[in-house]
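So you can see what is in the structure, the chains are spelled out below.
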Amino acid sequence: MKKSPQKLGSGLGPLEKEILELLWQKQQAKVRDIYDVLKKKRKVAHTSIAVLLDRLHERKLVKRSIETCRGGYRYVYSPASEKEDYQKAVLRNSVDNLIERFGNIATAYFDERFGKKR
Amino acid sequence: MAMCYECVNTFIDKPVNQLVVMLSIVIALLLLGLFLILRKQLRNAEKLGLLYSFVFFMVFPFAYYLYARTCQKILLSCQMAQSLVSSGVVAIVVTILLSFVVVPFIYMLSSRSKSITQENVLFRKMERHARKMGIKTPSVYLLDKAEPYAFSISHIHPSIFLTMGIVELLKPKELDAVLLHELAHIQQKSSPLKFTNTLFRLFTPISNFNILYSELNEEEKDADAVAVRMQNTERHLLSAKQKVSEYQKQAAI
């Protein structure tokens, strides 16, 4: 059974989104792997990547396992859900939030915009 | 309130009670004085013995008052207070003893900790360092946490705990420096002192005088000095501390 991502992707910073994108591409990666890719595009510290991956893990957007390696141990991170599922969850939450905030106005708008043709 | 006041007066009126209370306080202050004067020459176990004895003699007059026969005879409410306080004191003592013994095992048996076996390179490093320092190799546990830190427990079952965070973050020689620092704590048998400091901060105003602060600071400096001496450089230890500090700053943002 596929796990759906917990609270949203809304609230992710640009670097967190980049990290998630990379994980979707690679399917699994260590902190070092992600750091090596991102440092070519922008100025970023290894510790920043480690901190952000931990935060993504706390938000259940990524999973991690411990792997034995030459120097001892390393975390291996992987996405907690497929990209499409994540995007659907973000969308669902955004729409739910709008409806919660604007109530009937929001539902009327959605009816008007996406209503079935009679 | 008036009845308790009478109870106290009746207690103090008796010369025997006065003598017991004053003697207890004098002994407590003597012990504290001995600790403050001799602290540099004493070993950790001796310092702890003096401190716990000081606490005992400071608390003794109150316990003696509550159990005094005069109070029991005069007032039922004092008897009730005695039961409450005696059960409270027993609960505190049992909690302290249990936490001293049980907390290390809680860490070890936690589902987020993993014992590092002898085949692992980390354990073999630890073994080499322990042999050089002339101490028995402690157990090593890996905690499944990204935050980088390490600590050791030197009593009951000497062990070192490393988080995944610190193992990932540091280079081999930096991690060696951390291992040497923690091994030094085990050699010094530091954890009863740290545990006592935590207790004092929780239960007594002694912490206001930072009575164990300089001891703990000295322990940390001594442990650092061991790591620097064994590696013949402070570079790796400083680098390790800087990386951990950098992580903490990033995590706080």
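Just so it is clear, the model here is predicted, and its values are computed rather than measured.

**Overview of a positive patch on the surface**
Residues and elements named next belong to chain B.
Right, on to step 1. On the surface, a cluster of positive charge is made up of R124, R128, R131 and K132.
Right, on to step 2. Within the element layout of this structure, R128 appears in helix α6 (residues 121-133).
Right, on to step 3. Judged by its relative accessible area of 43%, R128 is partly exposed.

**Looking at the interface of chain B and chain A**
Right, on to step 1. Facing the 20 residues of chain B at the interface are 17 residues of chain A.
Right, on to step 2. With both sides pooled, the region where chain B packs onto chain A buries about 1600 Å², and carbon together with sulfur makes up 58% of that total.
Right, on to step 3. The tally of links from chain B across to chain A stands at zero salt bridges.
Right, on to step 4. Our count for the chain B to chain A interface comes out at nine residue pairs in polar contact (both at pLDDT 80 or more).

**Observations regarding the pattern of salt bridges**
In a structure, side chains of opposite charge can pair up when their charged atoms sit close to one another.
Residue and element names in this part refer to chain A.
Right, on to step 1. Tallying each qualifying case throughout the model produces 11 salt bridges over all chains.
Right, on to step 2. For E67, the salt bridge identified is with K30, shortest N-O distance 3.6 Å. Highlighted residues: E67 in strand β1 (residues 62-69) and K30 in the loop between α1 (14-26) and α2 (31-41), separated in sequence by 37 residues.
Right, on to step 3. A network of salt bridges, in which partner residues are shared, links E18, K41 and R42.

**Notes on the sheet that holds strand β2 (residues 139-143) of chain B**
Backbone-to-backbone hydrogen bonds join strands into a sheet, with any given pair of strands oriented parallel or antiparallel.
Residue and element names in this part refer to chain B.
Right, on to step 1. Read from one edge of the open sheet, four strands run β1-β2-β4-β3, paired in mixed fashion. At either margin of the open sheet sits one strand with a lone partner, and together these are β1 (113-115) and β3 (150-153). Taken pair by pair, the neighbouring strands of this sheet meet at an average axis angle of 25°, ignoring direction.
Right, on to step 2. The sheet contact formed by β2 and strand β4 (residues 159-163) spans five bridges and is parallel. Each bridged residue has a counterpart across the sheet, and for Y141 the counterpart in β4 is F161.
Right, on to step 3. Lying over the sheet, helix α8 (residues 172-188) contacts β3 and β4, oriented at roughly 25° with respect to β3.

**Description of the side chain of B:H185**
Residues and elements named next belong to chain B.
Right, on to step 1. Here H185 shows up in helix α8.
Right, on to step 2. Under the relative-accessibility criterion, H185 is labelled buried at 1%.
Right, on to step 3. Discounting residues that sit within four places of it in the chain, H185 has contacts with S152, S154, S190, K194, E219, E220 and A223.

**Concerning a nonpolar patch on the surface**
Right, on to step 1. On the surface, a cluster of nonpolar side chains totalling about 950 Å² of accessible area is made up of B:V90, B:V94, B:L98, B:V101, B:V102, B:V103, B:F105, B:I106, B:Y107, B:L109 and B:I156.
Right, on to step 2. Mapped onto the fold, B:Y107 is located in helix α5 (residues 76-109).

**Some words on helix α11 (residues 235-252) of chain B**
Right, on to step 1. A rise of 1.5 Å per residue sets the reference length of α11(B), with its 18 residues, at 26 Å; its end C-alpha atoms lie 26 Å apart and thus fit the reference within 8%.
Right, on to step 2. Residues of α11(B) that are buried: B:H236, B:L237, B:A240, B:V244, B:Y247 and B:Q250. Seen along its axis, α11(B) keeps its buried residues to an arc of 160°; they face one direction. Exposed residues lying more than 90 degrees from the buried face of α11(B) are B:R235, B:Q242, B:K249 and B:A252.
Right, on to step 3. On its buried face, α11(B) sits against α3 (46-58) of chain A together with α7 (164-169), α8 and α10 (213-231) of chain B.

**Describing the packing of aromatic side chains**
For any two aromatic rings, the description comes down to two numbers: the centre-to-centre distance and the angle of the planes.
Right, on to step 1. Scanning the entire structure with this criterion turns up 10 aromatic pairs over all chains.
Right, on to step 2. For the pair A:W24 and A:Y86, a centre-to-centre distance of 5.1 Å together with 50° between the ring planes defines the contact as tilted. One end of the pair, A:W24, is in helix α1; the other, A:Y86, is in helix α4 (residues 83-102), with 62 residues separating them in the sequence. This pair shows no difference in class: A:W24 is buried, exactly as A:Y86 is.
Right, on to step 3. Among the aromatic side chains, those forming a connected cluster through ring pairs are B:F56, B:F57, B:F60 and B:Y64.

Rules behind the numbers
Counting from 1, residues in each chain are numbered in the order their sequence is written. Think of it this way: whatever chain is written first is A, whatever ligand is written first is 1, and the rest follow in order. Only residues with pLDDT of at least 70 are given local features in this predicted model, and only at 80 or more are side-chain atom pairs given and counted; all residues enter the totals for whole chains, interfaces and linings. Think of the side-chain values as coming from all heavy atoms in the structure, minus any hydrogens and water. A patch consists of residues exposed above 30% relative accessible area that lack any salt bridge, with like charges linked at up to 9 Å and nonpolar side chains (Val, Leu, Ile, Met, Phe, Trp, Tyr) linked at up to 5 Å. A 1.4 Å probe and the Shrake-Rupley method give the accessible areas. Residues count as covered only by the protein chains that appear here. Salt bridge, as used here: a side-chain nitrogen of Lys or Arg that lies within 4 Å of a carboxyl oxygen of Asp or Glu. A positive count includes Lys and Arg, and a negative count includes Asp and Glu. His and the chain ends are not counted in either. A charge is said to be at NZ when it belongs to Lys, at CZ for Arg, at CG for Asp and at CD for Glu. In this description a helix means any DSSP run of H or I spanning at least four residues, a strand means any run of E spanning at least two, and both kinds are numbered starting from the N terminus. Here's how the labels work: a residue is buried when its accessible area is under 20% of the maximum for its type, exposed when over 50%, partly exposed in between, all with a 1.4 Å probe on protein chains only. Every residue pair with non-hydrogen atoms within 4.5 Å of one another is taken to be in contact. Buried area counts how much accessible surface, traced with a 1.4 Å probe, disappears from two parts once they are put together, with both parts' losses summed. Here a polar contact is recorded for every N or O atom pair within 3.5 Å, except that within protein the pair must consist of a potential hydrogen donor and a potential acceptor, and residues adjacent in sequence are included only if both atoms are side-chain atoms. DSSP-based pairing: two strands are paired if at least 2 bridges between them are found. Angles here are taken between N-to-C directions and fall from 0 to 180 degrees, while the axes themselves are lines fitted to C-alpha atoms, restricted in helices to the stretch in contact. To estimate how far a helix should reach, multiply one less than its number of residues by 1.5 Å. Picture the helix axis, draw a direction to every C-beta atom, and the arc is the one those directions span. Any Phe, Tyr or Trp ring, taking Trp's six-membered ring, that has another such ring centre within 6.5 Å forms a pair; planes under 30 degrees apart are called stacked, those over 60 apart edge-to-face, and the others tilted.

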